[in-house]
Structure formats: C-alpha cells, structure tokens
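Close look at the chain arrangement
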Protein chains: 2
Amino acid sequence: MKLYFVTGNKEKFREVKHILEGFDVEQLDIDLPELQGEPADIVKEKAKLAAEKTGKSVFVEDTSLCFNALGGLPGPYVKDFIKKIGIKGLYELASKYPDVGAVAVCSIGYCEPGKKPLVFQGRIKGKIVSPRGDTRFQWDQILMPEGYDITFSEMSMEDKNKISHRKLAFEEFRKWLEKM
Amino acid sequence: MKLYFVTGNKEKFREVKHILEGFDVEQLDIDLPELQGEPADIVKEKAKLAAEKTGKSVFVEDTSLCFNALGGLPGPYVKDFIKKIGIKGLYELASKYPDVGAVAVCSIGYCEPGKKPLVFQGRIKGKIVSPRGDTRFQWDQILMPEGYDITFSEMSMEDKNKISHRKLAFEEFRKWLEKM
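All values reported here derive from a predicted model rather than from experimental measurement.

About the criteria used
- Numbering of residues starts from 1 in every chain and runs along the sequence as written.
- Chains and ligands are labelled sequentially in the order written, the chains with letters from A and the ligands with numbers from 1.
- Given that the model is predicted, a residue must reach a pLDDT of at least 70 before its local features are reported, and side-chain atom pairs must reach 80 or more before they are shown or counted; all residues, however, enter totals for whole chains, interfaces and linings.
- Heavy atoms throughout the structure, all of them, feed into the side-chain values; hydrogens and water do not.
- Every residue is assigned a pLDDT by the predictor, reflecting its confidence on a scale from 0 to 100.
- Here the copies were fitted onto each other by least squares, based on C-alpha atoms from residues at pLDDT of at least 70 in both.
- Two residues form a contact once any of their heavy atoms are found within 4.5 Å.
- Strands here are runs of E lasting at least two residues and helices are runs of H or I lasting at least four, both read from the DSSP assignment and numbered beginning at the N terminus.
- Under the scheme applied here, a residue whose accessible area is under 20% of the maximum for its type counts as buried, over 50% as exposed, and between as partly exposed, the area being computed with a 1.4 Å probe on protein chains only.
- A pair of Phe, Tyr and Trp rings is counted when the ring centres sit within 6.5 Å of each other, with Trp represented by its six-membered ring. The angle between the planes then sorts it: under 30 degrees is stacked, over 60 is edge-to-face, the rest tilted.
- Only Lys NZ and Arg CZ are tested; either one counts as a charge over a ring when it is within 6 Å of the ring centre and within 35 degrees of the ring normal.
- We define buried area as the total accessible area lost by two parts upon association, computed with a 1.4 Å probe and summed across both.
- Salt bridges, as used here, are contacts in which a Lys or Arg side-chain nitrogen is within 4 Å of a carboxyl oxygen on Asp or Glu.

It is worth spelling out the confidence of the model for chain A at this point. Caution applies to low-pLDDT parts of the model: their predicted coordinates are not meant to be read in detail. The pLDDT averaged across chain A works out to 94; a share of 100% of its residues lies at or above 70. Interface predicted TM-score (ipTM) for the complex: 0.90; the corresponding pTM is 0.92.

A few words on the relation of the copies chain A and chain B. Between the two copies of the chain lies a relationship made up of a rotation around an axis and a movement along it. Under the fitted operation, chain A is carried onto chain B by 0.0 Å of movement along the axis and a turn of 180 degrees, and the coordinates agree to an RMSD of 0.0 Å. Here the copies are linked by what is in effect a two-fold axis. Taking C-alpha positions as the reference, the residue of chain A nearest the rotation axis is Leu35(A), at 2.1 Å. In this assembly, 100% of the residues forming the interface of chain A have copies in chain B that are likewise at the interface, indicating an isologous arrangement.

Here the focus is the side chain of His165(B). All names here are of chain B. Mapping histidine 165 onto the fold places it in helix H5 (residues 165-179). On the basis of relative accessibility, which here comes to 5%, the residue histidine 165 falls in the buried class. Once residues within four sequence positions are removed from consideration, histidine 165 is found in contact with Thr63, Ala104, Val105, Cys106, Gly122, Arg123, Ile124, Trp139 and Phe152.

A few words now on the packing of aromatic side chains. Residues and elements named next belong to chain A. According to the stated counting rule, one finds 20 aromatic pairs over all chains in the structure shown. For the pair phenylalanine 120 and phenylalanine 173, a centre-to-centre distance of 5.1 Å together with 45 degrees between the ring planes defines the contact as tilted. With phenylalanine 120 in strand S6 (residues 118-128) and phenylalanine 173 in helix H5 (residues 165-179), the pair connects residues that are 53 residues apart, well separated along the chain. When sorted by exposure, phenylalanine 120 lands in the same class as phenylalanine 173, which is buried. Each member of the aromatic cluster is reached from another via a ring pair, and the members are Phe5, Phe59, Tyr110, Phe120, Phe170, Phe173 and Trp176. The ring of tyrosine 4 is capped by lysine 56, whose NZ or CZ atom sits 4.9 Å from the centre of that ring.

Across the contact, 20 residues belong to chain A and 20 residues belong to chain B. With both chains or domains summed, chain A and chain B bury close to 2,100 Å², and 61% of this area falls on carbon and sulfur atoms. Broken down residue by residue, the surface that chain A buries against chain B is led by Gln36(A), Lys84(A) and Lys96(A), which jointly contribute 28%. Viewed at the interface, chain B and chain A are joined by two salt bridges. Close ionic contact of Lys84(B) with Glu38(A) constitutes a salt bridge, the shortest N to O distance being 2.6 Å.

What follows is the structure, given as structure tokens:
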C-alpha cells in the first residue's frame, strides 16, 4: 500500500522516508488549512481533510511546544509565537514563571479515505533555557531535554534523532504499520 | 439577496441580525474547522470554505484579543488561553510585562460563491486589568477600553455596543452592503 506524507518540506520528507524505510511513502504537497485546537485533534482533522480531498491514504505531522506554566500553550501555536516575539521572546515568556518545564509533542495523523483518522504521538519533557546552539531549527535552541545539560540545537542531528519527539511518534506509527 | 451568518450561537445571531436590520440575514449552523493564522486570513479562509460548501453568500465572525507585549498574541487563540489558564491567568500573563496595552479586534469574512472573500474589521484599544464585572462575557472582564475607567464587563450592554469592536466591524460591513 502506498502512503502519502502531506508536507511542503522536502527535508522533512526525506527524514521521514528514512524512518519509514521499507514502506512505500510518497510526498504530497497540497494546501491544507492550519487548524486550531488540541494537537491530536489538529492532525486528525487535517489527515481527514487530506484523505477526503485526494482519495489517498495520507498522513500529516505537527509539532507543539507546550509550557507547563501556560497549561500546554503555546502548543501548536508556537510557530506564530516565534513569528511575533522571536525565539528570545519565547524564552523570556517562559522565564517569567517559576516553572520553566515544557513538553515537545510530535503528532501524526493518519487517514484512509472513508475511515476514521488515527493519531500517533511522541513526547519529550524538558525545560526552557536561553537560546543556544545551531539556529536552524527554531525552538530547538531553547529546549533542554530532561537528563541533558545541552539543548536540542547543541546535539548532533544523530543524537537528537535518537531521542526526539518526532522519532518517538514515527516509531509508534511504524509499529502500527508493521502490524497491519 | 439573502445573507447567511455562519454561527452556532443564537444570541450572537440575534445581535447581528439587529445590527444588520433591513437586510435578509439567516443563521447557518454548519461545522467549519477553526483555522490558525492572522485574524483577517482566518475569516477570509473560513468564509471561502463556507461559501464553497453551501453555495450561498455567507459571512463569519471571529474575535481576537491582541496583547502589545506579545506582538498581537494570543490574538485569535484567546479562547484556548482562557480554556487553559483562565481569565485570571490571562490577566497575570499580561501583567508580567511593562506594557499591558491590548487591542480587541472583530473580523468579519464575507464570501459569495466563486468570488474572492472580503474582510471587515473593527478595533478598540485598551489595557488589560484584573478581572472585574459581569463574568458572562469572558475577556470582557479584563479589557478596559481607552478613555474609560471600567471594563467592558462593567458597562451596560447598551453602552458596550455603542463602542465595541464588533459594532465597528459590523458597521463597516453594513456600509459596504448598503453601497452594493
């Protein structure tokens, strides 16, 4: 069975194709609305829309950064926060609260046409620190995973990909696909 | 021409029907995804989806609370913030910054089938204060409009409706409709 990953990002597609080696995965670059809500509901609804629109078995991915002090927000809206107040502003926001704990969540929504969408998630706990490391990956600069004294941005790509929320989510997805 | 206001809220429908007296307005209670993005883009996209889905001339409305200190956020995500940290938490968030200024924005998206959507907006500036007044209208309790020493929640409905962002937005919409 062919699976379609809805993303405009070729880099991300290559990474995911690698994690899902052995499965027939193709990129599908279609315009879908960005939705509000809980991370799991966002990807469910988005996968459903994509399956309806294309008639294919599709999956979508979304990443959230959830501050403990803000009840899980900015969550899926973290991209907007970075756009409006920057990475430094995001760090400053977290640092105004006594609890700087955060969770990074990767959510995958999978949907076959006419069926109910499924969700697979990966989470990693950490804390928000002042920006450091490679600036390419946005909030990787301010997230220090639990048990580490460096941020995601300061890790090698290889080390990060061993523990990351995205890796964990795609492993769940892969396990489910293997059982099917 | 018949216009359809997409809302599940009967109270809001009645209020808007009153503001648009003289026009043939009906309520349309359909499920549309809540979208992310800039307030103007959210209602444009939503109106377009509704017009495509129903084949009717439709309008939708969305309200944002934009903090100066957060570059306009939480903006359209204010409902999520209230759900997660409450009205008091929203006030506390604003009060951690030296600038407690905010803007309330009402955005109306209007779309006729097959045409480009239009946007009408109303704004009122104010500042965020600790919650006071009638608790029915969510963040009305913490928004003190410029030139006033009471919050929206402490005003009579009549007084609020003379100056509110929603009133201003629907007046713009009404003016446009009258020219058509």
